[in-house]
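Reading the structure
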Amino acid sequence: MMKHRTHLRRIKRIKPDPVLLIILAGVAGYVVVFAMITVFSALSSRASPDDDLMSVFTALALFAGAYAGGYISAKNRHKNGLLMGVCCGLFMFLIILIVGTVISHHTNGFGAPVKFLITVVAGGVGGLIGVNSTTFR
């Protein structure tokens, strides 16, 4: 009589490092932001929109990038979707804040709190949807 050896068939899966996932998802989010800004730039070259419309374009691009980053980080982690998404949004915001401070040499302005809200909320929503989406294994 042969024993049932399911324990031999189990493959040990390497658990992804959450910090590495957040960084990689943030980079993927920035790729989305760059692609959307490129599209919006091509559209705005046809017509000359005012500054308010350009602010909406950049906010949409930032929202989509943070959403994509949160979605990717939570989808690959398979748990803690809201936390992973918020952390990815926070990472993206900190990079924006650091690069913006280095380029403009000042930190004042009302844009930082708005960018913070956009990235953290979009990352959290993306994380929630990413962790709850179906996975084909």
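Source: prediction; values computed, not measured. (Residues numbered from 1 in each chain as written. Predicted model: local features only at pLDDT ≥ 70, side-chain atom pairs only at ≥ 80, totals over all residues. Heavy atoms only, no water.)

Concerning the layout of surface pockets
Our working definition: The way it works is a 1 Å grid over only the protein atoms, where trapped points that fit a 1.4 Å probe form a cavity and open points with protein on both sides within 12 Å along at least five of seven lines form a pocket, and then any residue with an atom within 4 Å of a point lines it. Grid points are joined across faces, edges and corners, and a volume is the space filled by probe spheres set on the points. Secondary structure elements follow DSSP: runs of H or I of four or more residues count as helices, runs of E of two or more count as strands, with numbering from the N terminus. Note that Gly is not counted as nonpolar here; it falls among the polar residues with everything else outside the nonpolar set of Ala, Val, Leu, Ile, Met, Phe, Trp, Tyr, Cys and Pro and the charged set of Asp, Glu, Lys and Arg.
Taken as a whole, the largest pocket encloses approximately 470 Å³ of empty space. Residue lining of the largest pocket: 14 residues in total, with S55, T58, A59, L62 and K115 positioned closest to the centre. If you list the elements that add at least two residues to the lining of the largest pocket, you get α2 (18-46), α3 (51-77) and α5 (111-132). Its residues assigned to classes, the lining of the largest pocket shows 10 nonpolar, 3 polar and 1 charged.

Quick notes on α3
This is how the line gets drawn: In this analysis, the expected span of each helix is defined as 1.5 Å times one less than the number of residues it contains. Only protein chains enter the area calculation, which uses a 1.4 Å probe; residues under 20% of their type maximum are buried, those over 50% are exposed, and those in between are partly exposed. We call two residues in contact whenever any of their non-hydrogen atoms come within 4.5 Å of each other.
Under the 1.5 Å per step criterion, the end-to-end length of α3 is 39 Å for 27 residues, consistent within 8% with the ideal 39 Å. Within α3, the full set of buried residues consists of F57, A61, L62, G65, A66, A68, G69, G70, S73, A74, K75 and R77. Residues of α3 that are buried make contact with α2, α4 (81-104) and α5.

Focus on the nonpolar core
Inclusion rule: Put simply, buried Ala, Val, Leu, Ile, Met, Phe, Trp, Tyr and Cys residues joined by side-chain atoms within 4.5 Å make one nonpolar core.
M84, C88 and M92 are the most contacted members of the largest nonpolar core, which totals 13 residues. It is α2 that provides the largest number of residues to this core, a total of 5 residues. Excluding anything up to four places from it in sequence, M92 contacts G26, G29, Y30, V33, G65 and A66.

Details of the environment of S133
So the rule is basically this: Any N or O atom pair separated by 3.5 Å or less is treated as a polar contact, with the protein-specific requirement of one donor-capable and one acceptor-capable atom, and with residues adjacent in sequence counted only for side-chain atom pairs.
Mapping S133 onto the fold places it in the segment after α5. In this structure S133 comes out as partly exposed when scored by relative accessible area, which is 21%. Separated by 58 residues in the primary sequence, S133 and K75 have C-alpha atoms spaced 7.6 Å apart. If sequence neighbours within four positions are ignored, S133 has contacts with Y71 and K75. Of note is the side chain of S133, whose polar atom sits 3.0 Å from the backbone oxygen of G130.

Topic: α2
The end-to-end C-alpha distance of α2 is 42 Å, a good match for the 42 Å that 29 residues give at a rise of 1.5 Å each. Restricting attention to buried positions, one finds in α2 the residues L21, I22, A25, G26, G29, V33, F40 and S44. Residues of α2 that are buried in the fold lie against α3 and α4.

A word on the environment of G89
Following the sequence through the fold, G89 ends up in helix α4. Measuring from C-alpha to C-alpha, the distance between G89 and G127 comes to 9.6 Å, with 38 residues separating the pair along the chain. Dropping the residues within four chain positions of it, G89 is found in contact with T119 and V120.

Here we look at the packing of aromatic side chains
Rules: Under the pairing criterion, centres of Phe, Tyr and Trp rings, with the six-membered ring standing for Trp, must be within 6.5 Å; the plane angle then separates stacked pairs below 30 degrees from edge-to-face pairs above 60, leaving the rest tilted.
In the structure shown here, the tally under the stated rule is 3 aromatic pairs. Relative to Y71, the ring of Y67 has its centre 6.3 Å away and its plane inclined at 25°; by these criteria the two rings are stacked. Of this pair, Y67 and Y71 both sit in helix α3, separated by 4 residues, roughly a single helical turn. A centroid spacing of 5.2 Å and a plane angle of 75° characterise the contact between F93 and F116, whose relative ring orientation is edge-to-face. Here F93, found in helix α4, pairs with F116, found in helix α5; they are 23 residues apart in sequence, far enough to count as distant.

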